[in-house]
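Residue-level listing of the chains:
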Amino acid sequence: MKPTLFLLAAGMGSRYGGLKQLDELGPNGETIMDYSIYDAIQAGFGKLVFVIRKDFEDEFHKKVLSKYEDKIETALVFQSLDALPPGFKCPEGREKPCGTNHAVLMGKDIIKEPFCVINCDDFYNRDAYMVMAEYLSSLSNESKGRYAMVGFRCGNTLSENGTVARGICSKDEDNFLTSIVERTEVVRMNGIISYKDENGKWISLDENTPVSMNMFGFTPDYFEYSEDYFIHFLSNSANYYNLKSEFFIPLVVNNLIKANKVSMKVLDTNSKWFGVTYAADKAYAVNHIRALVEENVYPEKLWK
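Residues numbered from 1 in each chain as written. Predicted model: local features only at pLDDT ≥ 70, side-chain atom pairs only at ≥ 80, totals over all residues. Heavy atoms only, no water.

### Quick look at the overall build of the protein
Then comes step 1: A tally of helices and strands in the protein yields 9 helices and 11 strands.
Then comes step 2: Relative to the 2.2 N^0.38 estimate, which gives 19 Å for 304 residues, the radius of gyration of the protein is 19 Å and therefore close to what a compact globule would have.
Then comes step 3: In terms of principal-axis extent, the alpha carbons of the protein reach across some 55 × 50 × 40 Å.
Then comes step 4: Burial analysis of the protein (304 residues in total) assigns 51% to the buried set.
Then comes step 5: Considering only contacts in the protein between residues 6 or more positions apart, those separated by 24 or more positions represent 75%. (Helix = DSSP H or I, 4+ residues; strand = E, 2+ residues; numbered from the N terminus. Rg over C-alpha atoms; globule rule 2.2 N^0.38 Å. Buried < 20%, exposed > 50% of the residue type's maximum accessible area, 1.4 Å probe, protein only. Contact = heavy atoms within 4.5 Å.)

Shown next as structure tokens:
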């Protein structure tokens, strides 16, 4: 059994102004997503499922999916404003779907095996895919509630160009997650990593503190839990009528762990994550990928 890689790509149009503006960071125009998929194939994933917006299906197939179809099994699912549980309809004025865990729900009809969820525009590095694939491959299709996340070391995930948001993780002595707390301002100041708490106070963090970068591993029962929690989320009028409220993956994970319904193993990795949070981050990304090519981690031309 090979696990599935589930790529959250429904926000690509809004982030980049359309698929034509996907940043080309590799020496032959490769995107971050190209490297993610290359690493996933090397790690042993057997299928790709992309969640996108229906309105750019044709362009996505032509510019993105066509590169991978002869290398690995692929599938598309679609996130839309009106993809809601029975009895709910999209409130007037809402412009975007309900966030990452809403996107995950779109895969419930076609993903029947353990799967890993990633952001399509984050560079996670190969070791992260290796540790996740090894964990998911140890499970059966009948496994339930045995989830995992890659716990990136905080010092390997920061931008030199400003603060970042990170899910700060706590775990027990057996490396099972006990909580994720979202911190919206994390930065290295004078050599020390710190975050700003609810009272505006800066709290220091150890370099190796595990943080979530939205790289989660689930068994298919996660879809059932997500449906139940989504109904609960929408039943709260403060969420339903807030046109910008979002149904995030860590929200569901935290609720499940607190209710002792599932376990989530925190997988350590030495991978150095990066993304293009700030315009100045792009130069770092280009240089970092170039260095990996020169070290023969990746071929000069990724998809021959």
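### Thoughts on the pairing of strand S9 (residues 202–205)
Then comes step 1: Of the pairings in the sheet, the one linking strand S8 (residues 192–196) to S9 comprises 4 bridges and is antiparallel in character. Looking at the pairing, serine 194 lines up with serine 204 of S9.
Then comes step 2: Between the antiparallel neighbours S8 and S9 lie 5 residues, among them glycine 200 with a positive phi of about 80 degrees. (Pairing = 2+ DSSP bridges.)

### Section: the environment of valine 253
Then comes step 1: Among the structural elements, valine 253 can be located in helix H8 (residues 249–258).
Then comes step 2: According to the relative accessible area criterion, valine 253 is buried, its value standing at 3%.
Then comes step 3: For the pair formed by valine 253 and valine 186, sequence separation is 67 residues and the distance between their alpha carbons is 22 Å.
Then comes step 4: When sequence neighbours within four positions are dropped, the list of residues in contact with valine 253 reads Leu177, Ile180, Phe216, Phe218, Tyr222 and Met264.

### Description of the nonpolar core
Then comes step 1: Counting 59 residues, the largest nonpolar core has Phe45 and Phe50 as the members making the most contacts within it.
Then comes step 2: Once residues within four sequence positions are removed from consideration, phenylalanine 50 is found in contact with Phe6, Leu7, Met33, Ile37, Phe60, Leu65, Tyr68, Ala75, Leu76 and Val77. (Core = buried A, V, L, I, M, F, W, Y, C linked by side-chain atoms within 4.5 Å.)

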